[in-house]
Amino acid sequence: MQEGLVSVITPCYNTGEIIHRLLDSILKQDYPSVEMLVVDDGSTDNSKKVILSYIPLFEKRGYSLEYTYQSNQGQSAAINNALKWVKGEFLAWPDSDDFYNRSDAISSFVRKFRELSNDYGAVRCLPTYVHEKNMKGYVQTKGINLDCNQFYNCLYSTSFIWPPGNYVIKLCALDRVNPSREIYVSKDAGQNWQMLLPLLFSFKCYTLADSYFSVLERSDSHSRGQYRRYNQEISKISSYENTILYTLDKINDLCDSEKERLKETIRIKYLRERLKVSLKYCNQKDVELFSKKLTISDKLTFKEYLLKVVIKIPWLYLILRNLVLKVKHMLK
């Protein structure tokens, strides 16, 4: 581990037209010590050419940039492979379509770590979301929990900051909770639960009051637009559930009784998600199946029970669903 060094891992898949924003934003940093590894996850565009063209620019800046290629396995596989490579005191893992929006971003993260006690393993900032076409952005402040204990917010996806580029973590903290630097590899679920859950259970997280990182809102990103069919959405839910259950199992600091309690709440949560998707697609067979499974462990809510009954009358169900969608749109 090299004191003061910030390691940056970035998975890349067909982002040759936009990864320059991230690379440029790192070159503009006022922090003196950065190493970066871009893992090309089977790109078929000009990503390799673009990344390689930046290597001399990084060297001129006093930074290092390495490029490595793997067959298309997903972001978590890219992160899992790269974790063994990094040797910094701190780690960031931004997505290739996002970028730092201030030249003092990395130095601000490190400076805050120097001020904090050793029970802090992560520092994060508020995210700025920018539109992919006009690049106009807004800082998200509403609905974010700023408490230093973020484990349950991460576990249940409530009031949590998700974009990975908003985080910098201590490698020594990661190595304490994950000494093998092995994370669960799941193509659909990304890598954030695997990286953050063990860390946030054992360490505190500090939230900077400003935004230092911008997240590009893309219609074809991993979290948007990929899941437009019933089977795709159900598969995604299963991947999320499996990722969390596996990761919970690997948290050694979590006692067995609490671990089993949390795993059961996750199973119920994602059973409800499956029921929600089956209702969305009017899949009556699976609505019945997921309802039965859910009632074994928990109770149906009144809304779930009502929709389960009404879906048997398709014309009435469609009217009610369209009405609900209109109300939601009006409330936005």
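That block above? That's the structure.
Residues numbered from 1 in each chain as written. Predicted model: local features only at pLDDT ≥ 70, side-chain atom pairs only at ≥ 80, totals over all residues. Heavy atoms only, no water.

Caption draft 1: The arrangement of the overall build of the protein chain in detail. Check the secondary structure of the protein chain and you find 12 helices and 9 strands. Against the 2.2 N^0.38 benchmark of 20 Å for 332 residues, the protein chain shows a C-alpha radius of gyration of 21 Å, consistent with a compact globule. For the protein chain, the residues scored as buried account for 52% of the 332 residues in total. Residue pairs at least 24 apart in sequence account for 80% of intrachain contacts in the protein chain once pairs closer than 6 positions are excluded. Of the roughly 16,300 Å² that the protein chain leaves accessible, carbon and sulfur atoms contribute 53%. In the protein chain, 47 positive and 38 negative side-chain charges are present, and the distance between their average locations comes to 7 Å. (Helix = DSSP H or I, 4+ residues; strand = E, 2+ residues; numbered from the N terminus. Rg over C-alpha atoms; globule rule 2.2 N^0.38 Å. Buried < 20%, exposed > 50% of the residue type's maximum accessible area, 1.4 Å probe, protein only. Contact = heavy atoms within 4.5 Å. Areas by Shrake-Rupley, 256 points an atom, 1.4 Å probe, with all protein chains shown as cover. Lys, Arg positive; Asp, Glu negative; His and termini not counted. Charge placed at Lys NZ, Arg CZ, Asp CG, Glu CD.)

Caption draft 2: Region of the structure containing the state of the cysteines. Scanning the model with the defined rule gives 0 disulfides in all. Here Cys148 is not cross-linked by a disulfide; its sulfur's nearest cysteine counterpart is in Cys205, at 8.7 Å. (Disulfide = S-S within 2.5 Å.)

Caption draft 3: Looking closely at the side chain of Asp104. Relative to the elements of secondary structure, Asp104 occurs in the loop between strand E5 (99-100) and helix H4 (105-115). In terms of polar contacts, Asp104 uses its side chain to reach the side chain of Arg102, at 3.0 Å. Residues contacting Asp104, with those up to four places away along its chain left out, are Gln29, Asp30 and Tyr212. (Polar contact = N/O pair within 3.5 Å; in protein donor to acceptor, adjacent residues only side chain to side chain.)

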